[in-house]
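Spelled out, the chains give:
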Amino acid sequence: MDVSEIATENHQTAAVPNDRPTKNVAVLGATGSIGTATVDVLENLHRLDPQFGWRLWAVSGHRNVDCLLDIFNRASAGDWGPRRVVFSDAEAAAECNARERFSTSQQHHEHANTCQLLFGDEALVDVARSPEVDVLVAAIVGRAGLESTIAAIESGKRVGLANKETLVVAGDLVRKKLANSDAKILPVDSEHSAIFQCIANTNAEPKKLILTASGGPFRSATKEQMHEATPKDALAHPTWQMGPKISIDSATMMNKALEIIEARWLFDVPAERIDVAVHPQSIIHSMVEFDDGSVLSQMSPPDMRMPIQYALTYPRRLPCPAPELDLSQPMDLTLLPADLDRFPALKLGFEVAACGGTAGAVVNAANEVAVQLFLDEKIRFTQIVPTCQKVLENHTFESSPTLSRLLELDRWAREEACRCADMDG
Ligand code: NDP
Ligand code: MG
(Lines give C-alpha, C1' and ligand atoms only; values in the text may rest on other atoms or scores of the structure.)
(Ligands and ions follow the chains in the order given, each with its own letter.)
Protein backbone atom coordinates (compact mmCIF):
# COMPACT_ATOMS: atom_id res chain seq x y z
CA MET A 1 0.00 0.00 0.00
CA ASP A 2 1.33 3.39 -0.90
CA VAL A 3 -0.15 5.89 1.50
CA SER A 4 2.56 8.47 0.95
CA GLU A 5 0.24 11.02 -0.61
CA ILE A 6 -2.16 11.18 2.24
CA ALA A 7 -0.72 12.55 5.45
CA THR A 8 1.04 9.75 7.32
CA GLU A 9 3.54 11.63 9.44
CA ASN A 10 4.63 9.77 12.52
CA HIS A 11 3.81 11.58 15.77
CA GLN A 12 7.39 11.43 16.99
CA THR A 13 9.19 12.54 13.88
CA ALA A 14 7.04 14.67 11.68
CA ALA A 15 6.35 18.36 11.56
CA VAL A 16 2.72 19.36 11.18
CA PRO A 17 2.17 20.00 7.47
CA ASN A 18 1.59 23.67 6.65
CA ASP A 19 2.86 24.48 10.14
CA ARG A 20 2.34 28.24 10.31
CA PRO A 21 1.24 30.41 13.19
CA THR A 22 -2.17 30.99 11.62
CA LYS A 23 -4.40 28.26 10.32
CA ASN A 24 -6.73 29.86 7.82
CA VAL A 25 -9.48 27.44 6.94
CA ALA A 26 -11.77 27.67 3.91
CA VAL A 27 -15.01 25.73 4.33
CA LEU A 28 -16.67 25.16 0.98
CA GLY A 29 -20.21 23.90 1.48
CA ALA A 30 -20.32 25.67 4.87
CA THR A 31 -24.13 25.72 4.93
CA GLY A 32 -24.46 21.92 4.81
CA SER A 33 -24.37 19.25 7.47
CA ILE A 34 -20.56 18.82 7.31
CA GLY A 35 -20.02 22.55 6.76
CA THR A 36 -21.93 23.66 9.86
CA ALA A 37 -20.25 20.93 11.94
CA THR A 38 -16.89 22.25 10.71
CA VAL A 39 -17.82 25.78 11.77
CA ASP A 40 -18.59 24.42 15.28
CA VAL A 41 -15.22 22.71 15.38
CA LEU A 42 -13.41 25.86 14.26
CA GLU A 43 -15.16 28.06 16.78
CA ASN A 44 -14.02 25.66 19.47
CA LEU A 45 -10.44 25.46 18.14
CA HIS A 46 -10.19 29.25 17.93
CA ARG A 47 -10.96 29.40 21.66
CA LEU A 48 -9.07 26.29 22.74
CA ASP A 49 -5.92 26.46 20.68
CA PRO A 50 -4.95 30.15 20.45
CA GLN A 51 -1.30 29.53 19.53
CA PHE A 52 -2.45 28.05 16.23
CA GLY A 53 -4.61 31.08 15.41
CA TRP A 54 -7.46 29.12 13.83
CA ARG A 55 -9.62 31.31 11.58
CA LEU A 56 -12.54 30.66 9.30
CA TRP A 57 -10.98 32.49 6.36
CA ALA A 58 -13.60 31.70 3.72
CA VAL A 59 -17.04 30.12 3.55
CA SER A 60 -19.22 29.11 0.65
CA GLY A 61 -22.87 28.26 0.28
CA HIS A 62 -25.04 27.61 -2.74
CA ARG A 63 -28.55 28.86 -1.96
CA ASN A 64 -28.90 28.98 1.81
CA VAL A 65 -28.47 32.72 2.41
CA ASP A 66 -29.84 32.65 5.99
CA CYS A 67 -27.39 30.01 7.12
CA LEU A 68 -24.36 31.65 5.49
CA LEU A 69 -25.28 35.00 7.03
CA ASP A 70 -25.61 33.35 10.43
CA ILE A 71 -22.12 31.87 10.06
CA PHE A 72 -20.80 35.23 8.85
CA ASN A 73 -22.29 37.07 11.83
CA ARG A 74 -21.18 34.46 14.35
CA ALA A 75 -17.59 34.38 13.13
CA SER A 76 -17.38 38.16 12.66
CA ALA A 77 -18.70 38.78 16.18
CA GLY A 78 -16.04 36.46 17.63
CA ASP A 79 -13.37 37.90 15.33
CA TRP A 80 -12.44 34.49 13.90
CA GLY A 81 -13.57 35.17 10.32
CA PRO A 82 -14.45 35.35 7.52
CA ARG A 83 -12.60 37.28 4.79
CA ARG A 84 -14.45 35.75 1.87
CA VAL A 85 -18.10 34.77 1.55
CA VAL A 86 -18.89 32.91 -1.67
CA PHE A 87 -22.20 31.91 -3.18
CA SER A 88 -21.88 29.50 -6.07
CA ASP A 89 -25.40 30.57 -7.03
CA ALA A 90 -25.50 34.13 -8.43
CA GLU A 91 -29.08 34.87 -7.32
CA ALA A 92 -28.26 33.89 -3.74
CA ALA A 93 -25.24 36.21 -3.86
CA ALA A 94 -27.44 39.06 -5.07
CA GLU A 95 -29.98 38.37 -2.33
CA CYS A 96 -27.22 38.31 0.25
CA ASN A 97 -25.80 41.58 -1.03
CA ALA A 98 -29.23 43.20 -0.92
CA ARG A 99 -29.88 42.19 2.67
CA GLU A 100 -29.69 44.91 5.24
CA ARG A 101 -28.33 42.42 7.72
CA PHE A 102 -25.21 41.72 5.72
CA SER A 103 -24.28 45.35 5.12
CA THR A 104 -25.16 46.22 8.73
CA SER A 105 -22.80 43.53 9.91
CA GLN A 106 -20.11 44.95 7.70
CA GLN A 107 -20.50 48.30 9.39
CA HIS A 108 -20.60 46.87 12.90
CA HIS A 109 -17.55 44.66 12.84
CA GLU A 110 -14.21 46.10 11.93
CA HIS A 111 -13.03 42.71 10.68
CA ALA A 112 -16.09 42.33 8.48
CA ASN A 113 -15.20 45.49 6.55
CA THR A 114 -12.52 43.51 4.77
CA CYS A 115 -14.83 40.62 3.91
CA GLN A 116 -15.53 40.23 0.22
CA LEU A 117 -18.71 38.72 -1.19
CA LEU A 118 -18.00 36.64 -4.31
CA PHE A 119 -20.15 34.46 -6.52
CA GLY A 120 -19.93 31.70 -9.10
CA ASP A 121 -18.05 28.43 -9.48
CA GLU A 122 -14.87 30.27 -10.47
CA ALA A 123 -14.89 32.06 -7.12
CA LEU A 124 -14.85 28.66 -5.38
CA VAL A 125 -11.73 27.73 -7.34
CA ASP A 126 -10.13 31.12 -6.62
CA VAL A 127 -10.71 30.71 -2.89
CA ALA A 128 -9.36 27.15 -2.99
CA ARG A 129 -6.17 28.49 -4.62
CA SER A 130 -5.81 31.59 -2.36
CA PRO A 131 -2.33 31.78 -0.82
CA GLU A 132 -3.96 32.82 2.48
CA VAL A 133 -5.76 29.46 2.79
CA ASP A 134 -3.88 26.76 4.71
CA VAL A 135 -6.64 24.17 4.92
CA LEU A 136 -9.61 23.57 2.68
CA VAL A 137 -12.56 21.60 4.00
CA ALA A 138 -14.25 20.17 0.91
CA ALA A 139 -17.86 19.88 2.07
CA ILE A 140 -19.79 20.63 -1.12
CA VAL A 141 -22.09 17.78 -2.07
CA GLY A 142 -21.63 15.85 -5.29
CA ARG A 143 -19.63 16.47 -8.43
CA ALA A 144 -20.02 20.24 -7.84
CA GLY A 145 -17.18 19.95 -5.33
CA LEU A 146 -14.68 18.55 -7.83
CA GLU A 147 -12.96 21.60 -9.33
CA SER A 148 -12.41 23.47 -6.07
CA THR A 149 -11.03 20.34 -4.38
CA ILE A 150 -8.65 19.71 -7.27
CA ALA A 151 -7.60 23.39 -7.22
CA ALA A 152 -6.71 23.09 -3.52
CA ILE A 153 -4.67 19.95 -4.22
CA GLU A 154 -2.86 21.65 -7.10
CA SER A 155 -2.05 24.56 -4.76
CA GLY A 156 -0.51 22.28 -2.14
CA LYS A 157 -3.13 22.73 0.58
CA ARG A 158 -4.15 20.43 3.35
CA VAL A 159 -7.56 19.17 2.23
CA GLY A 160 -10.08 17.83 4.74
CA LEU A 161 -12.03 15.71 2.28
CA ALA A 162 -15.73 15.16 2.94
CA ASN A 163 -16.60 15.36 -0.76
CA LYS A 164 -16.02 11.69 -1.56
CA GLU A 165 -17.42 12.26 -5.06
CA THR A 166 -14.10 13.91 -6.01
CA LEU A 167 -12.29 10.59 -5.58
CA VAL A 168 -15.15 8.59 -7.08
CA VAL A 169 -15.11 10.71 -10.24
CA ALA A 170 -11.38 11.33 -10.60
CA GLY A 171 -9.50 9.22 -8.03
CA ASP A 172 -6.67 8.19 -10.34
CA LEU A 173 -6.07 11.77 -11.51
CA VAL A 174 -6.20 13.08 -7.95
CA ARG A 175 -3.52 10.57 -6.90
CA LYS A 176 -1.30 11.76 -9.74
CA LYS A 177 -1.83 15.39 -8.72
CA LEU A 178 -1.02 14.58 -5.10
CA ALA A 179 2.23 12.97 -6.20
CA ASN A 180 3.21 16.26 -7.88
CA SER A 181 2.32 18.66 -5.06
CA ASP A 182 2.77 19.22 -1.33
CA ALA A 183 -0.94 18.76 -0.81
CA LYS A 184 -2.25 16.29 1.74
CA ILE A 185 -5.68 14.75 1.86
CA LEU A 186 -6.95 14.12 5.36
CA PRO A 187 -10.16 12.07 5.23
CA VAL A 188 -13.27 13.52 6.86
CA ASP A 189 -15.55 10.63 5.91
CA SER A 190 -15.79 8.77 9.23
CA GLU A 191 -14.87 5.35 7.79
CA HIS A 192 -11.79 6.65 6.01
CA SER A 193 -10.78 8.72 9.00
CA ALA A 194 -11.04 5.53 11.10
CA ILE A 195 -8.83 3.59 8.67
CA PHE A 196 -6.40 6.48 8.53
CA GLN A 197 -6.24 6.54 12.34
CA CYS A 198 -5.60 2.75 12.39
CA ILE A 199 -2.72 2.88 9.89
CA ALA A 200 -1.20 6.33 10.46
CA ASN A 201 1.47 5.09 12.85
CA THR A 202 2.40 1.73 11.43
CA ASN A 203 4.57 0.60 8.56
CA ALA A 204 2.72 -2.73 8.43
CA GLU A 205 0.83 -3.35 5.22
CA PRO A 206 -2.90 -3.85 5.91
CA LYS A 207 -4.29 -7.09 4.51
CA LYS A 208 -7.83 -5.77 4.38
CA LEU A 209 -9.72 -2.54 4.91
CA ILE A 210 -13.13 -3.26 6.43
CA LEU A 211 -15.62 -0.42 6.00
CA THR A 212 -18.50 -0.47 8.45
CA ALA A 213 -22.00 0.50 7.34
CA SER A 214 -24.95 1.31 9.58
CA GLY A 215 -27.22 -0.37 7.04
CA GLY A 216 -29.33 2.79 6.86
CA PRO A 217 -33.11 2.94 7.41
CA PHE A 218 -33.74 -0.23 5.33
CA ARG A 219 -31.17 -2.49 6.97
CA SER A 220 -33.85 -5.08 7.83
CA ALA A 221 -36.38 -4.20 5.11
CA THR A 222 -37.52 -6.65 2.46
CA LYS A 223 -37.12 -5.84 -1.25
CA GLU A 224 -40.90 -5.35 -1.40
CA GLN A 225 -40.81 -2.82 1.43
CA MET A 226 -37.98 -0.96 -0.28
CA HIS A 227 -40.00 -0.91 -3.51
CA GLU A 228 -42.73 1.03 -1.68
CA ALA A 229 -40.36 3.38 0.20
CA THR A 230 -41.12 7.11 0.07
CA PRO A 231 -38.47 9.87 0.22
CA LYS A 232 -39.52 10.50 3.84
CA ASP A 233 -38.88 6.85 4.78
CA ALA A 234 -35.52 6.86 2.99
CA LEU A 235 -34.38 10.15 4.55
CA ALA A 236 -34.94 8.86 8.11
CA HIS A 237 -31.42 7.67 8.90
CA PRO A 238 -31.23 5.84 12.24
CA THR A 239 -27.81 7.06 13.46
CA TRP A 240 -26.51 10.03 11.39
CA GLN A 241 -27.95 13.51 10.66
CA MET A 242 -26.83 14.25 7.10
CA GLY A 243 -27.75 16.14 3.93
CA PRO A 244 -30.47 14.66 1.68
CA LYS A 245 -28.21 13.23 -1.03
CA ILE A 246 -25.97 11.21 1.29
CA SER A 247 -29.02 10.14 3.34
CA ILE A 248 -30.58 8.55 0.24
CA ASP A 249 -27.17 7.10 -0.67
CA SER A 250 -27.08 5.50 2.78
CA ALA A 251 -30.52 4.00 2.30
CA THR A 252 -29.55 2.37 -1.05
CA MET A 253 -26.06 1.65 0.36
CA MET A 254 -24.70 3.54 -2.65
CA ASN A 255 -22.92 5.59 0.00
CA LYS A 256 -20.93 2.48 0.97
CA ALA A 257 -20.32 1.80 -2.74
CA LEU A 258 -18.92 5.33 -3.13
CA GLU A 259 -16.83 4.76 0.00
CA ILE A 260 -15.37 1.52 -1.40
CA ILE A 261 -14.25 3.53 -4.43
CA GLU A 262 -13.04 6.38 -2.19
CA ALA A 263 -10.96 3.91 -0.12
CA ARG A 264 -9.55 2.33 -3.26
CA TRP A 265 -8.04 5.66 -4.34
CA LEU A 266 -7.34 7.25 -0.98
CA PHE A 267 -5.34 4.27 0.34
CA ASP A 268 -4.31 2.81 -3.05
CA VAL A 269 -5.77 -0.60 -2.19
CA PRO A 270 -7.28 -2.89 -4.83
CA ALA A 271 -11.01 -3.61 -4.56
CA GLU A 272 -10.47 -7.23 -3.52
CA ARG A 273 -8.75 -6.05 -0.33
CA ILE A 274 -11.74 -3.95 0.72
CA ASP A 275 -14.65 -5.45 2.64
CA VAL A 276 -17.91 -4.17 4.15
CA ALA A 277 -19.46 -5.16 7.49
CA VAL A 278 -22.83 -3.92 8.73
CA HIS A 279 -22.64 -2.29 12.16
CA PRO A 280 -26.00 -0.74 13.15
CA GLN A 281 -24.76 1.27 16.14
CA SER A 282 -22.26 3.39 14.11
CA ILE A 283 -19.68 3.33 16.93
CA ILE A 284 -17.01 1.27 15.16
CA HIS A 285 -16.23 3.54 12.23
CA SER A 286 -14.14 1.01 10.30
CA MET A 287 -11.44 -1.61 10.78
CA VAL A 288 -8.10 -2.69 9.39
CA GLU A 289 -6.97 -6.31 9.33
CA PHE A 290 -3.27 -7.16 9.26
CA ASP A 291 -1.45 -10.30 8.07
CA ASP A 292 -1.23 -11.77 11.57
CA GLY A 293 -5.03 -11.68 11.92
CA SER A 294 -5.06 -8.68 14.24
CA VAL A 295 -7.92 -6.25 13.54
CA LEU A 296 -7.72 -2.61 14.65
CA SER A 297 -10.75 -0.35 14.78
CA GLN A 298 -11.50 3.24 15.70
CA MET A 299 -14.56 3.92 17.86
CA SER A 300 -16.44 7.04 18.89
CA PRO A 301 -20.09 8.14 19.07
CA PRO A 302 -21.58 8.95 15.65
CA ASP A 303 -20.73 12.66 15.40
CA MET A 304 -18.87 14.06 12.39
CA ARG A 305 -17.16 16.75 14.45
CA MET A 306 -14.61 14.17 15.61
CA PRO A 307 -13.24 13.17 12.17
CA ILE A 308 -13.56 16.78 10.96
CA GLN A 309 -11.45 18.05 13.83
CA TYR A 310 -8.84 15.32 13.38
CA ALA A 311 -8.48 16.26 9.70
CA LEU A 312 -7.75 19.83 10.83
CA THR A 313 -5.46 19.17 13.79
CA TYR A 314 -3.67 15.95 12.73
CA PRO A 315 -1.33 14.74 14.15
CA ARG A 316 -2.46 16.53 17.30
CA ARG A 317 -5.50 15.46 19.30
CA LEU A 318 -7.43 18.14 21.16
CA PRO A 319 -10.71 18.15 23.12
CA CYS A 320 -13.61 18.13 20.66
CA PRO A 321 -17.23 19.35 20.92
CA ALA A 322 -18.45 15.84 19.93
CA PRO A 323 -19.76 13.66 22.81
CA GLU A 324 -17.64 10.92 24.39
CA LEU A 325 -18.57 7.23 24.62
CA ASP A 326 -20.85 6.67 27.60
CA LEU A 327 -19.63 3.44 29.19
CA SER A 328 -21.91 3.83 32.23
CA GLN A 329 -24.70 2.25 30.14
CA PRO A 330 -24.66 -1.23 28.57
CA MET A 331 -23.74 -1.04 24.89
CA ASP A 332 -24.03 -3.64 22.14
CA LEU A 333 -21.62 -3.55 19.24
CA THR A 334 -23.08 -5.73 16.50
CA LEU A 335 -21.32 -6.80 13.31
CA LEU A 336 -23.35 -8.41 10.54
CA PRO A 337 -22.45 -9.57 7.03
CA ALA A 338 -23.46 -7.22 4.23
CA ASP A 339 -26.36 -8.41 2.05
CA LEU A 340 -25.33 -7.86 -1.57
CA ASP A 341 -28.60 -9.29 -2.84
CA ARG A 342 -30.87 -6.75 -1.12
CA PHE A 343 -28.30 -3.99 -1.63
CA PRO A 344 -27.01 -4.39 -5.20
CA ALA A 345 -25.26 -0.99 -4.92
CA LEU A 346 -22.49 -2.77 -3.01
CA LYS A 347 -21.77 -5.09 -5.96
CA LEU A 348 -21.67 -2.05 -8.19
CA GLY A 349 -19.23 -0.31 -5.83
CA PHE A 350 -16.80 -3.24 -5.86
CA GLU A 351 -17.10 -3.47 -9.67
CA VAL A 352 -16.43 0.23 -10.20
CA ALA A 353 -13.51 0.21 -7.73
CA ALA A 354 -11.99 -2.69 -9.66
CA CYS A 355 -12.52 -1.05 -13.09
CA GLY A 356 -11.26 2.47 -12.33
CA GLY A 357 -11.02 4.66 -15.46
CA THR A 358 -14.30 6.27 -16.46
CA ALA A 359 -16.57 3.97 -14.41
CA GLY A 360 -16.65 6.12 -11.25
CA ALA A 361 -17.55 9.36 -13.04
CA VAL A 362 -20.40 7.69 -14.91
CA VAL A 363 -21.91 5.91 -11.90
CA ASN A 364 -21.57 9.00 -9.72
CA ALA A 365 -23.39 11.22 -12.23
CA ALA A 366 -26.14 8.64 -12.80
CA ASN A 367 -26.57 8.28 -9.06
CA GLU A 368 -26.83 12.05 -8.48
CA VAL A 369 -29.59 12.25 -11.10
CA ALA A 370 -31.41 9.12 -9.90
CA VAL A 371 -31.37 10.31 -6.27
CA GLN A 372 -32.90 13.64 -7.34
CA LEU A 373 -35.54 11.86 -9.45
CA PHE A 374 -36.45 9.74 -6.42
CA LEU A 375 -36.59 12.79 -4.12
CA ASP A 376 -38.86 14.45 -6.71
CA GLU A 377 -41.01 11.29 -6.63
CA LYS A 378 -40.43 10.59 -10.32
CA ILE A 379 -38.90 7.14 -9.82
CA ARG A 380 -39.11 4.49 -7.15
CA PHE A 381 -36.44 3.90 -4.52
CA THR A 382 -35.63 0.49 -6.03
CA GLN A 383 -34.94 2.10 -9.43
CA ILE A 384 -32.01 4.20 -8.27
CA VAL A 385 -29.35 1.49 -8.43
CA PRO A 386 -30.59 -0.21 -11.64
CA THR A 387 -30.49 3.22 -13.33
CA CYS A 388 -26.82 3.56 -12.35
CA GLN A 389 -26.13 0.02 -13.58
CA LYS A 390 -27.74 0.70 -16.96
CA VAL A 391 -25.81 3.93 -17.48
CA LEU A 392 -22.56 2.16 -16.59
CA GLU A 393 -23.32 -0.62 -19.09
CA ASN A 394 -24.24 1.87 -21.82
CA HIS A 395 -21.00 3.83 -21.60
CA THR A 396 -17.81 3.16 -23.52
CA PHE A 397 -15.15 2.44 -20.93
CA GLU A 398 -11.78 4.22 -21.06
CA SER A 399 -9.00 3.29 -18.67
CA SER A 400 -7.02 6.58 -18.51
CA PRO A 401 -9.36 9.51 -19.13
CA THR A 402 -8.35 13.15 -18.83
CA LEU A 403 -10.25 15.48 -16.50
CA SER A 404 -12.06 17.12 -19.41
CA ARG A 405 -13.12 13.69 -20.70
CA LEU A 406 -14.43 12.79 -17.24
CA LEU A 407 -16.43 16.03 -17.15
CA GLU A 408 -17.82 15.30 -20.63
CA LEU A 409 -18.86 11.83 -19.48
CA ASP A 410 -20.39 13.31 -16.34
CA ARG A 411 -22.68 15.42 -18.57
CA TRP A 412 -23.45 12.46 -20.84
CA ALA A 413 -24.25 10.17 -17.89
CA ARG A 414 -26.70 12.72 -16.46
CA GLU A 415 -28.68 12.76 -19.71
CA GLU A 416 -28.40 9.00 -20.05
CA ALA A 417 -29.68 8.50 -16.51
CA CYS A 418 -32.81 10.56 -17.29
CA ARG A 419 -33.30 8.45 -20.42
CA CYS A 420 -32.73 5.12 -18.63
CA ALA A 421 -34.70 5.88 -15.48
CA ASP A 422 -38.03 4.08 -15.57
CA MET A 423 -40.36 6.92 -14.66
CA ASP A 424 -43.45 4.76 -15.04
CA GLY A 425 -42.25 1.97 -12.72
P1 NDP B 1 -25.57 18.98 2.55
O2 NDP B 1 -26.60 18.74 1.52
O3 NDP B 1 -25.97 19.09 3.97
O4 NDP B 1 -24.70 20.27 2.17
C5 NDP B 1 -24.22 20.44 0.88
C6 NDP B 1 -23.44 21.73 0.75
O7 NDP B 1 -23.06 21.90 -0.62
C8 NDP B 1 -24.24 22.96 1.13
O9 NDP B 1 -23.37 23.94 1.63
C10 NDP B 1 -24.81 23.41 -0.22
O11 NDP B 1 -25.14 24.79 -0.25
C12 NDP B 1 -23.63 23.12 -1.11
N13 NDP B 1 -24.02 22.93 -2.51
C14 NDP B 1 -25.09 22.26 -2.98
N15 NDP B 1 -25.11 22.28 -4.32
C16 NDP B 1 -24.03 23.00 -4.70
C17 NDP B 1 -23.52 23.41 -5.97
N18 NDP B 1 -24.12 23.08 -7.12
N19 NDP B 1 -22.39 24.15 -6.00
C20 NDP B 1 -21.75 24.49 -4.85
N21 NDP B 1 -22.21 24.15 -3.61
C22 NDP B 1 -23.32 23.41 -3.55
O23 NDP B 1 -24.49 17.79 2.37
P24 NDP B 1 -23.59 17.08 3.48
O25 NDP B 1 -22.94 18.09 4.35
O26 NDP B 1 -24.35 15.97 4.11
O27 NDP B 1 -22.48 16.39 2.56
C28 NDP B 1 -21.44 17.14 1.97
C29 NDP B 1 -20.38 16.18 1.44
O30 NDP B 1 -19.82 15.48 2.55
C31 NDP B 1 -20.94 15.10 0.51
O32 NDP B 1 -19.98 14.81 -0.47
C33 NDP B 1 -21.13 13.90 1.42
O34 NDP B 1 -21.02 12.68 0.73
C35 NDP B 1 -19.94 14.09 2.37
N36 NDP B 1 -20.12 13.46 3.68
C37 NDP B 1 -21.15 13.86 4.48
C38 NDP B 1 -21.32 13.27 5.73
C39 NDP B 1 -22.39 13.73 6.67
O40 NDP B 1 -22.44 13.25 7.80
N41 NDP B 1 -23.25 14.67 6.28
C42 NDP B 1 -20.45 12.17 6.19
C43 NDP B 1 -19.37 11.88 5.28
C44 NDP B 1 -19.24 12.49 4.06
P45 NDP B 1 -26.63 25.38 0.19
O46 NDP B 1 -27.07 24.54 1.36
O47 NDP B 1 -26.30 26.80 0.56
O48 NDP B 1 -27.54 25.29 -0.98
MG1 MG C 1 -19.03 7.68 5.63
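See the structure above.
Here we summarise the structure given alongside this text. What you see is a predicted model, and the numbers here were worked out from it, not measured in a lab.

Focus on the site of ligand 1
In the vicinity of ligand 1 lie 25 residues, with Thr31, Ser33, His62, Asn64 and Glu165 positioned nearest. At 2.9 Å from an oxygen atom of ligand 1 is found a main-chain nitrogen or oxygen belonging to Ile34. Between an oxygen atom of ligand 1 and a main-chain N or O atom of Asn64, the distance comes to 2.9 Å. At the level of secondary structure, the elements contributing two or more residues to the shell around ligand 1 comprise helix H1 (33-48) and helix H11 (244-252). Counted by class, the shell around ligand 1 contains eleven nonpolar, ten polar and four charged residues.

Side note on a nonpolar patch on the surface
A cluster of nonpolar side chains, Met299, Leu325, Leu327, Met331 and Leu333, forms an exposed patch at the surface whose accessible area comes to about 450 Å². Looking at where Leu333 falls in the secondary structure, it is placed in the loop between helix H13 (305-313) and strand E12 (336-337). Assessed through its relative accessible area of 39%, Leu333 is described here as partly exposed.

A short note on the coordination of the magnesium ion (ligand 2)
Coordination of the magnesium ion (ligand 2) by the protein is provided by Asp189 (OD), Glu191 (OE) and Glu259 (OE), with metal-donor distances spanning 2.1 to 2.2 Å. Here the donor residues for the magnesium ion (ligand 2) map to a single chain with the spacing D-x1-E-x67-E. Taken as a pair, Asp189 in the loop between strand E7 (184-187) and helix H8 (190-199) and Glu259 in helix H12 (residues 254-266) lie far apart in primary sequence, 70 residues in all. Here Asp189 matches Glu259 in class, with each residue buried.

Brief notes about the sheet that holds strand E8 (residues 208-213)
Ordered in space as E11-E10-E8-E9-E12, the five strands form an open sheet in which the pairing is mixed. Two strands lie at the open edges of the sheet, namely strand E11 (295-299) and E12, each paired on one side alone. Two strands pair when backbone bridges link them, and E8 and strand E9 (residues 274-278) are joined in this way by five bridges, in the parallel orientation. Along E9, the bridge assignment pairs Leu209 with Ile274. Docked against the sheet, H12 engages E8 and E9, running at close to 155° with respect to E8.

Each value, and the rule that gives it
Residues numbered from 1 in each chain as written. Chains lettered and ligands numbered in written order. Predicted model: local features only at pLDDT ≥ 70, side-chain atom pairs only at ≥ 80, totals over all residues. Heavy atoms only, no water. Near = heavy atom within 4 Å. Polar contact = N/O pair within 3.5 Å; in protein donor to acceptor, adjacent residues only side chain to side chain. Helix = DSSP H or I, 4+ residues; strand = E, 2+ residues; numbered from the N terminus. Nonpolar A, V, L, I, M, F, W, Y, C, P; charged D, E, K, R; others polar. Patch = residues over 30% accessible without salt bridge, like charges linked within 9 Å, V, L, I, M, F, W, Y side chains within 5 Å. Areas by Shrake-Rupley, 256 points an atom, 1.4 Å probe, with all protein chains shown as cover. Salt bridge = Lys/Arg side-chain N within 4 Å of Asp/Glu carboxyl O. Buried < 20%, exposed > 50% of the residue type's maximum accessible area, 1.4 Å probe, protein only. Donors = N, O, S within 2.8 Å, 3.2 Å for Na, K, Ca; no water. Pairing = 2+ DSSP bridges. Contact = heavy atoms within 4.5 Å. Axes fitted to C-alpha atoms, helices over the stretch in contact; angles between N-to-C directions.

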